[in-house]
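Now for the letters of each chain:
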Number of protein chains: 2
Amino acid sequence: MTESSSKTEYLVGVDFGGTKILAGVFTNSLRCLGTAKSSTKAERGPEAVVERIARCVQDAVDECDLSLKQIKGIGLGAPGAVDPETGTVIFAPNLQWEDVPLKKDLEKHLGIPVFLENDGNICTLGVYEAELDSKPRHVFGIFIGTGIGGGLILDGKLYSGFNRTAGEVGHMVLQVGGPKCGCGNKGCFEALASRSALFRRVQSAVKDGQKTVLTEMLGDDLNDLRSGDLRKAIRRGDKFVERIVEEAAEYIGIAVANVVNLLSPEVVILGGGVIDALEDEMLAIIVETFQDYVLPGTGKGIEIRASKLGDQAGIVGAAVLARRRTR
Amino acid sequence: MTESSSKTEYLVGVDFGGTKILAGVFTNSLRCLGTAKSSTKAERGPEAVVERIARCVQDAVDECDLSLKQIKGIGLGAPGAVDPETGTVIFAPNLQWEDVPLKKDLEKHLGIPVFLENDGNICTLGVYEAELDSKPRHVFGIFIGTGIGGGLILDGKLYSGFNRTAGEVGHMVLQVGGPKCGCGNKGCFEALASRSALFRRVQSAVKDGQKTVLTEMLGDDLNDLRSGDLRKAIRRGDKFVERIVEEAAEYIGIAVANVVNLLSPEVVILGGGVIDALEDEMLAIIVETFQDYVLPGTGKGIEIRASKLGDQAGIVGAAVLARRRTR
């Protein structure tokens, strides 16, 4: 072991949701040394999930030939409303958690300071530190995967508002009476443009007899459909899939315009698995639709950019949080 | 003239839009001593409008038996994007203005310091100072009249974002492909729930043969329709008008939920002529719809309240601005 690697100067970033836990080990300059992944098993309850997070952190550290003693701090993004001061998950509907003292419990397991934030905020923070060199004052992040999350940086700082729940752009209603959303309402942005929404539209059209190269690629049930398959189908000339992806991009552009009309951020970041897989197909349509819908003059100079961090935005942001808090 | 009234301790607040100018004279403790009103005549161009604003200020001051020398500062709310530092109206589509140095021009006319802000921000500031004694940290104001404007107070300060245009809640799309809005898009909040939207719906239904007591009250063309007439019709048992007002209240509730999901303010203020006239008919429906649409848990403790300032919110807020800046 070299002298420098024996110092406690590494950071761990953890991102976890309803289905999986991802942990990454980072240097102080945010270079990722290695990661580990596990399933969440939320149905086993908070205690079991905390243990699984602890084990995932240990696996990632071990993967990098390091020991827990060398870790300065752990940042953690959780899918729900979070009190960053006390480190409590106030509520997380996807996990069915309420008032879980996650920071305290995880520190007990690992003996290292833990810092907690909402996952949308964490992803925004990650892209902000890793990709936005100009350090704009006001940034809004929109992350489109299975669901749609968001985060806000105002005056260079994470903003979470009165109930610490700001940034829930996925449940902004864009289409009163529109398709049903997981939250129970209708017409939410998430029900119109998330991966689940895209897949649902594809699968229901196929059931109704729609022809697509996707069934040639994956079989009639389309069970293993992924965002990347939509890209492949479009590149093979599938107009049906192209139209569905275009429609989603239009909804995203309208959502961006709504956010800009309300908040006038300097930069809007787009990220998450859907953007990662379909940036080339979507970004130009998103920007064009945004320009159609933003009030004249109010979109001037505002940058809409796709993050290159992909699935790593969460762990990078969590490492940034740990770095900020342990400085 | 008493000694105290000879001091330069009064404030003037001005609110102007596409159709009218309203000026009010206030004591330092925000008591309104008198007002004056005039039409804007926007079609005559910026120079003429500046002169009309100056005359309206003079009329208000004269009405209170004061002279301009006794005015410490003038606050001004303008309908558009404003640079509060330079006092320039960057653009105001309703006036067809672009880069008008309103502060400088008006100071030339009146010889008194002028302070400029966007009108949605100004109204929010007015309600904040005059009605919110607890001084909450984060407040969102929604003002529903001919159009719909908004304003944001974050951490106790007006927030206008990168392009100084934040708060444009009226052009948040709630219904993709919905009714046409004055801004050129479809399905904006303003096209669904403003006074113009309500009146358009009433008038078009009447043209299609709908029976309503409104035509008994005002004649078949309904040219002089006002928000208060809708209230009167509902109180006389008109189910058609009741349904139209209910629908607008539901859209307002959804808009409030969108804002709370995004920003989690502590208080949402509702104001403007429509709320002023129809609070009793709308507020309970707005709150109920809001609770249906806000994410579980995220609406906890958030207050939705109707302002009592009515049409005066703008001049009160403008006076508050002048007071803050001349302290």
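Just so it is clear, the model here is predicted, and its values are computed rather than measured. (Residues numbered from 1 in each chain as written. Chains lettered and ligands numbered in written order. Predicted model: local features only at pLDDT ≥ 70, side-chain atom pairs only at ≥ 80, totals over all residues.)

## Focus: the nonpolar core
Grouped together as the largest cluster of nonpolar side chains are 229 residues, with contacts concentrated most on Val 12 of chain A together with Val 12 of chain B. Other than its neighbours up to four places away in sequence, Val 12 of chain A contacts Ala 23, Gly 24, Val 25, Val 57, Ala 60, Val 61, Ile 71, Ile 74, Ala 319 and Ala 322 of chain A. (Core = buried A, V, L, I, M, F, W, Y, C linked by C-beta atoms within 7 Å. Buried ≥ 20, exposed ≤ 12 C-beta atoms within 10 Å, placed from the backbone. Contact = placed C-beta atoms within 7 Å.)

## Comments concerning helix α5 (residues 195–207) of chain A
Given 3.6 residues to a turn, an α-helix orients residues that are three or four positions apart in the same direction. Residue and element names in this part refer to chain A. Here α5 contains 13 residues, and its C-alpha end-to-end distance of 18 Å stays within 8% of the 18 Å for a straight helix at 1.5 Å per residue. Burial in α5 covers these residues: Arg 195, Ala 197, Leu 198 and Val 202. Tucked inside the fold, the buried residues of α5 contact α4 (189–193), α6 (213–218), α7 (227–235), α8 (239–263) and α9 (273–293). Positive phi shows up at Gly 209, right after α5, with a value of about 100°. (Helix = DSSP H or I, 4+ residues; strand = E, 2+ residues; numbered from the N terminus. Expected span 1.5 Å × (residues − 1).)

## So, the domain arrangement of chain A
Residue and element names in this part refer to chain A. Looking at chain A, the domain boundaries give domain 1 (4–125 + 313–326) and domain 2 (134–308). Taken together, the contacts link 13 residues of domain 1 with 17 residues of domain 2. Mapped onto the side of domain 1 that touches domain 2, the elements with two or more residues apiece are β5 (81–83), β8 (114–118) and α3 (119–131). With 6 residues, the top contributor of residues to the side of domain 1 that touches domain 2 is α3. Each residue belonging to the side of domain 1 that touches domain 2 can be placed in one class, and the counts come to 6 nonpolar, 4 polar and 3 charged. (Domains from an automatic or database assignment. Nonpolar A, V, L, I, M, F, W, Y, C, P; charged D, E, K, R; others polar.)

## A word on the relation of the copies chain A and chain B
Between chain A and chain B, which share one sequence, the superposing operator has a rotation angle of 180° and an axial displacement of 0.0 Å; the RMSD is 0.0 Å. Both chain copies can therefore be described as sitting about a two-fold axis. (Least-squares fit on C-alpha atoms with pLDDT ≥ 70 in both.)

## Here's the deal with unusual backbone geometry
Residue and element names in this part refer to chain B. Despite not being glycine, Asp 65 has its phi angle at roughly 55°, a positive value. Position of Asp 65 among the secondary structure elements: in the loop between α1 (46–63) and β4 (71–78). Residue Asp 65 is classed as exposed on the basis of its C-beta count, with 12 C-beta atoms lying within 10 Å. Of note in this structure, Leu 222 is not a glycine but carries a positive phi near 55°. Position of Leu 222 among the secondary structure elements: in the loop between α6 (213–218) and α7 (227–235).

## Thoughts on the sheet that holds strand β5 (residues 81–83) of chain B
Residue and element names in this part refer to chain B. One open sheet holds the 3 strands; their spatial order is β5-β6-β7, and the pairing between them is antiparallel. Edge positions in the sheet fall to β5 and β7 (97–100), since each of these pairs with one other strand and no more. Taken pair by pair, the neighbouring strands of this sheet meet at an average axis angle of 15°, ignoring direction. (Pairing = 2+ DSSP bridges. Axes fitted to C-alpha atoms, helices over the stretch in contact; angles between N-to-C directions.)

## Considering the pairing of strand β3 (residues 32–39) of chain A
Residues and elements named next belong to chain A. The pairing of strand β2 (residues 20–26) with β3 spans 7 bridges and is classified as antiparallel. Bridging across to β3, Phe 26 finds its partner in Cys 32. Taking the residues that link successive antiparallel strands as the turn, the β2-β3 hairpin has 5 residues, and the phi of Leu 30 there is positive, at about 70°.

## Describing the sheet that holds strand β4 (residues 71–78) of chain A
Residues and elements named next belong to chain A. Strand order in the open sheet made by the 5 strands is β3-β2-β1-β4-β8, with mixed pairing throughout. Since the sheet does not close on itself, it has two edges, and those belong to β3 and β8, each with one partner. Sheet twist, expressed as the mean angle between neighbouring strand axes with direction ignored, is 15°. Set on the sheet, α3 makes contact with β1 (10–16), β4 and β8; between it and β8 the angle comes to about 100°. With respect to the sheet, helix α10 (residues 313–326) is in contact with β1, β2, β3, β4 and β8, its orientation differing from that of β1 by roughly 135°.

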